[in-house]
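# Secondary and tertiary structure notes
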Amino acid sequence: MRRRVSAVASRGAGVRGARLVLGWMVLVLPLLTGACRRAAAAEVPVPVLQQRSSVAMPGTALSSTAPGAQPSAARTSPPDATPVAGAVPQQPVSTSPTATAQPLAGAVPLQSMGSSSATASAHVPLLLGVDPTQAIQDTESALQPVRAAVGRKDFTSAAKDLEALLQADLPRFVSLWTTDAGLAPLRDSEPGRALAARLPRLEASWRTALTQGLPLVWWKPAAPRSEEGDDSEAFTTPPPALLRAGVYLPKQRRFVPTGPQEPGVILARLSVDRASVLLVRGTLGLGLTSMLTDLEVSLRDAVTGNPTTPVRSPAPDYRGPEALQWSEARGKWAFRVQNGDQTNPTLPQFSGWRDVATDGNWRNRSGPVHGELISEGSVLLGLPDGWVREGKMLVEESTRRSIPHNTEPAKHRFLQAVTVGDTLWLSAVESWCDASTPEPTSILRHVVERITRDNKRVRVHEGPGGASLMSLGEGGLIVQVDKEARRFPASVTTWKEATALPEGVLLTTPLQPKVCHSL
């Protein structure tokens, strides 16, 4: 009897102990789980833009917690915090609660960008991020969910999916919305008519955004070619997988694309003054055939993507030009090409400037060169207003202040300078083939310096690759070296202190080393 009582008591104590243990686990395990999650979050960088009212960056998908209807395309989880937003959206997001009107889903008030109250009623588009494969996919693939919904006569879903595409990349998709025969049933439907009524507001907000950001490009390199590729491609360089001109909004870390997305684009530049995009398509030669062939130069409306000029085709000698230079003056574009046959490689000869809009001689012949495109990429050029190049010196005409630029025409192919206050920033890039050894070596390197008013030189960066500069209206500048760009506020003078822009958001397409051959 005592044994049975003792056993019962033991079992009762065991049950009570088990209950205590279970109760302790119920209380403690959530705390431990939360602590583990917080520790994991501390170890893995969270993309800055993964928030309900924010935007994922190019190469990422928007957080699945964001509100709004989703297009029927498959979703992908965000891999990491790489570039800013830009092409096919994952889903619309809710509008800001501080908006004074009822803009399209995805609009955000200008107050969030620090603009004045005078323009606070306008809105800029809130762009949505995508998986890298979707960002560079062809337009027809991006439209497949919309076409499928139209085929099912599910016009409500089709309108939602198409609206998300328009919010993310209006210049890419708006012309298809208005002209594509396959979308005619959607345009004639009630959801389609409601969408059409909202488009003018979206277009207006897009144009407002152009005045709020920094004119940059969004670039992704071409995929490596297969060894089994066509032999005809052996002497050409593939164009970038993605090259879009646009504006970057630093406070939102968003990229607003402008102009159409087309295959074969090798140069894209935005003029904020005229809301126009300069597009150059063509073939990039490689090595001994490093010529630019099949060139097509045109201007497109920055928001609608529609052509504003006929396509201009430079007509140089039979070999094709080795370089194309472009210039812009108050929103007017011009270009000229370097002749293929050069008697003196250190003094390249260029054709006369041609006005892209009229195809005639450019009246502003004294305008500065703003950039140069070659087979290996592109680079920004030019000197500040009031500065001239006299031999080996840069001279400020008003004060006759002179600064040695320490470049040799045969090696330092590219020279650029910008001013920030009283300081001159100088970029020198050398790109050439060293034939002093049996196997010629490609040399591509840069030096970026800042030169104070008393001519004290401070080296900011040097290394392989090209370099370009762009001064900012509010002071400071952006410096690109190779495939990275950083923003220097007026108070920042060192590379380490400067703010890195998202991957792929650059001043221009990066330069690649030349392909050198022994003769």
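As a starting point, this report considers the structure included with it. (Residues numbered from 1 in each chain as written. Predicted model: local features only at pLDDT ≥ 70, side-chain atom pairs only at ≥ 80, totals over all residues. Heavy atoms only, no water.)

## Quick look at the sheet that holds strand 11 (residues 332-338)
- Spatial ordering of the open sheet is given by 12-11-10-13-14, a layout of five strands whose pairing is antiparallel. The open sheet has two edge strands with one neighbour each: strand 12 (354-355) and strand 14 (377-380).
- Here strand 11 pairs with strand 12 via two bridges, running antiparallel. By the bridge assignment for strand 12, alanine 334 is matched with aspartate 355. (Pairing = 2+ DSSP bridges. Helix = DSSP H or I, 4+ residues; strand = E, 2+ residues; numbered from the N terminus.)

## Looking at the sheet that holds strand 24 (residues 484-488)
- Ordered by their spatial adjacency, four strands build an open sheet running 22-23-24-25, and the pairing between neighbours is antiparallel. Each edge of the sheet is formed by a strand with only one pairing partner; in this case those strands are strand 22 (467-471) and strand 25 (499-500).
- In this sheet, strand 23 (residues 477-481) lies alongside strand 22 in antiparallel orientation, the contact comprising five bridges. Looking at the pairing, leucine 469 lines up with valine 479 of strand 23.

## Brief notes about helix 4 (residues 144-151)
- Those residues of helix 4 not exposed but buried are Pro145, Val146, Ala149 and Val150. Seen end-on, helix 4 carries its buried residues on one side only, within an arc spanning 135°. Away from its buried face, by an angle of more than 90 degrees, helix 4 presents the exposed residues Gln144 and Gly151.
- Here the buried face of helix 4 lies against helix 3 (139-142), helix 5 (155-168) and helix 7 (184-187).
- Lysine 153 occupies a position one or two residues after helix 4 and carries a positive phi of about 60°. (Buried < 20%, exposed > 50% of the residue type's maximum accessible area, 1.4 Å probe, protein only. Arc of directions from axis to C-beta. Contact = heavy atoms within 4.5 Å.)

## Thoughts on the packing of aromatic side chains
- For the structure shown, the criterion picks out three aromatic pairs.
- Ring pairs connect the aromatic residues Trp425, Phe488 and Trp495, which therefore count as one cluster. (Phe/Tyr/Trp six-rings, centres within 6.5 Å; stacked < 30°, edge-to-face > 60°.)

## A short note on the side chain of histidine 405
- With respect to the helices and strands, histidine 405 occurs in the loop between strand 17 (401-404) and strand 18 (414-420).
- Here histidine 405 is in contact with Arg389, Gly391, Lys392, Met393, Leu394, Leu415 and Leu426, once residues within four sequence places are set aside.

## A word on the environment of leucine 292
- For leucine 292, the location among the structural elements is in strand 9 (residues 292-301).
- Separated by 45 residues in sequence, leucine 292 and valine 337 place their C-alpha atoms 9.4 Å apart.

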